[in-house]
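Chain by chain, the residues:
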Amino acid sequence: VRFLWLGFFPLLFLASAIRTTRASRVSTGTTGSQALGRWAPAALACMLVPGFFWLGDGPMLSKGVSLASYREVYDPGKYHGHAVAFLRDAGLEGNLYNSYFMGGFLGYAVAPRLRSFIDGSLHISPQVMEDYLALQLNADGSEDFDATDLLDRYAADVYVGIGFPTPPLTHRPWRHTALHLDDAPDWIPVFRSMQSAVYLRRNQRNQENLKRVERYYADAELPFDPGRGLD
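Quick look at the structure, then. (Residues numbered from 1 in each chain as written. Predicted model: local features only at pLDDT ≥ 70, side-chain atom pairs only at ≥ 80, totals over all residues. Heavy atoms only, no water.)

1. Focus on the pattern of salt bridges
So, step 1. Applying the stated criterion across every chain, the model contains nine salt bridges.
So, step 2. Note that Arg212 is salt-bridged to Glu93, the shortest N-O span being 3.5 Å. With Arg212 in helix H9 (residues 207–219) and Glu93 in the loop between helix H5 (81–90) and strand S1 (94–97), this residue pair connects regions lying 119 residues apart in the sequence.
So, step 3. For Glu93, a relative accessible area of 32% gives the class partly exposed.
So, step 4. Asp225 is paired through a salt bridge with Arg228; the nearest N and O atoms lie 3.3 Å apart.
So, step 5. Asp225 sits in the partly exposed class, given a relative accessible area of 30%.
So, step 6. When its relative accessible area of 56% is taken as the criterion, Arg228 is described as exposed. (Salt bridge = Lys/Arg side-chain N within 4 Å of Asp/Glu carboxyl O. Helix = DSSP H or I, 4+ residues; strand = E, 2+ residues; numbered from the N terminus. Buried < 20%, exposed > 50% of the residue type's maximum accessible area, 1.4 Å probe, protein only.)

2. Looking at the sheet that holds strand S4 (residues 187–192)
By way of backbone hydrogen bonds, the strands of a sheet pair with one another, either parallel or antiparallel.
So, step 1. An order of S2-S1-S3-S5-S4 is seen for the five strands of this open sheet, with the pairing classed as mixed. Only two strands of the sheet have a single neighbouring strand rather than two, namely strand S2 (114–115) and S4. (Pairing = 2+ DSSP bridges.)

3. Regarding the packing of H5 against helix H6 (residues 103–110)
So, step 1. For the pair H5 and H6, interaxial distance at closest approach is 10 Å and the crossing angle is 30 degrees. Here H5 is positioned roughly parallel relative to H6, judged by the angle of their axes. Crossing handedness for the pair H5 and H6: right-handed. Of H6, the residues touching H5 (which contributes Val84, Leu87 and Arg88) are Phe105, Leu106, Ala109 and Val110. (Axes fitted to C-alpha atoms, helices over the stretch in contact; angles between N-to-C directions. Parallel < 35°, antiparallel > 145°, perpendicular 65-115°, else oblique. Left-handed = near helix turned anticlockwise from the far one by under 90°. Contact = heavy atoms within 4.5 Å.)

4. Some remarks on the nonpolar core
So, step 1. Formed by 24 residues in total, the largest nonpolar core has its most connected members in Phe86, Leu87, Leu92, Val158, Val190 and Val198.
So, step 2. Among the secondary structure elements, those contributing two or more residues to this core are H5, H6, strand S3 (158–162), S4, strand S5 (196–201) and H9.
So, step 3. It is H5 that provides the largest number of residues to this core, a total of five residues. (Core = buried A, V, L, I, M, F, W, Y, C linked by side-chain atoms within 4.5 Å.)

5. Let's talk about unusual backbone geometry
So, step 1. Cis geometry marks the peptide bond from Ala111 to Pro112; its omega dihedral reads 5 degrees.
So, step 2. Tracing the backbone through its elements, the reader meets Pro112 in the loop between H6 and S2.
So, step 3. One non-glycine residue, His80, adopts positive backbone phi at about 50 degrees.
So, step 4. With respect to the helices and strands, His80 occurs in the loop between helix H4 (67–70) and H5.
So, step 5. Residue His80 is classed as buried on the basis of its relative accessible area of 13%.
So, step 6. Despite not being glycine, Glu221 has its phi angle at roughly 55 degrees, a positive value.
So, step 7. Relative to the elements of secondary structure, Glu221 occurs in the segment after H9.

Purely geometric numbers; function is a separate question.
Written as structure tokens, this is what we have:
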């Protein structure tokens, strides 16, 4: 789906070729060879379309894509839907820290009120990716790494951590970021599920967000302490 915009280029070739052909009928300044020079790349561009599906990346991409799967309801567990639903329903705003694979879904669910840290497109600087991986890979809680410093550097208001330190599957790496801010004095826990956690930065800029969280839990008739966060 993300490559469909490339169809714009063969359309440009076709439009240019048609324009040149029409101009040649009313003007003697355009030769037949010039018109052919316009039609040739247009025809070549059209021929490349089936070539993409037969010989290019099409066969590789089609293995993981089916029309039937697009008709199915998305799997909320894959994108930690409970945490995303909390962000949406509480109406939180500001800068979000999130995992790479969740970026597209978060953009769909909570943008523009919350701006994703990384959206899954890799349209970011190498430094951002380096900092992102530093936090993601710090599963052992190394003393020489401070997640709060990194989050402050990017002015993050809301943090979405996923995965807890449970035994990993055999020969499979296990990343867990839900507890990175568990003892951070400047961050308040505002949501917790079996697989995810959401923290809110404790500062003046987030006072409105804190009030939104209070209203959210008041409406749900659940206890919430704005000083300590969710118990």
